[in-house]
Amino acid sequence: MKKLSAGFALFVALCYPIKPVGAAGLSEGVRQIYLQQKDGTEQSIGELVFSAAQHDQFSYKVTMNHHLFKDYFLSMKEMKCLEGPELWCFIPYPYEQPRTVSSEDFRWLEHDLLFMFKKPEAFGANFWNGIYYKMELTENGIRGTAHALDLNLLASPPDDLSQPPVGEFDIDSADLEKRWLPFIEIR
């Protein structure tokens, strides 16, 4: 009887793989995008729509709620910024890209949610003050933590538009205690 039970358990395990604890899967549908302060206060800034694609991937569309952002003219460029202890300016990724993600790879979405911070009294835009949210799947959705990125890296198009140009060696840790909105959540 023990052999039969063990064989049945093995059969069930092979037919119905168990997801790792704490890792919810991606699925089609509409999600809200929230920027979070250190104390957990959050603000919805837009929505993300996932659609099933090929090979365990999802295509997505980001729609920002630009009514929440104020217009600023910084360094000869119009920017949409959230106002707080810092200006948190949305920097749209400027080049064509496939807009796909998987449970293990959020790089294109990370490129579509770039920001730049600056002190309200500072003059102009300092593109070396870029924010790149490195994202991972959690049991509550997708969570990103702010990293530092020199956005001047994106001043010219990458050689290969099918690969995300920002890599792990282009981003640095950010001083999260000094940043106004160190986290992003999509749920």
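In case you missed it, the structure is sitting above this.
Residues numbered from 1 in each chain as written. Predicted model: local features only at pLDDT ≥ 70, side-chain atom pairs only at ≥ 80, totals over all residues. Heavy atoms only, no water.

Enquirer: Explain the pattern of salt bridges to me, and be specific about the residues and the numbers.
Expert: Opposite charge on two side chains makes pairing possible when the charged atoms of those side chains draw close. Applying the stated rule across the entire model yields 9 salt bridges. Between aspartate 71 and lysine 80 there is a salt bridge, with the nearest N and O atoms lying 2.6 Å from each other. The class of aspartate 71 is partly exposed, set by a relative accessible area of 48%. Owing to a relative accessible area of 25%, lysine 80 belongs among the partly exposed residues under this scheme. (Salt bridge = Lys/Arg side-chain N within 4 Å of Asp/Glu carboxyl O. Buried < 20%, exposed > 50% of the residue type's maximum accessible area, 1.4 Å probe, protein only.)

Enquirer: Please set out the pairing of strand β12 (residues 183-186) residue by residue, giving values where relevant.
Expert: Burial along β12 is two-sided: Phe183 and Glu185 facing one way and Ile184 and Ile186 facing the other are all buried. Pairing of strand β1 (residues 29-36) with β12 involves 4 bridges; the strand directions are antiparallel. Along β12, the bridge assignment pairs isoleucine 33 with isoleucine 186. (Helix = DSSP H or I, 4+ residues; strand = E, 2+ residues; numbered from the N terminus. Pairing = 2+ DSSP bridges.)

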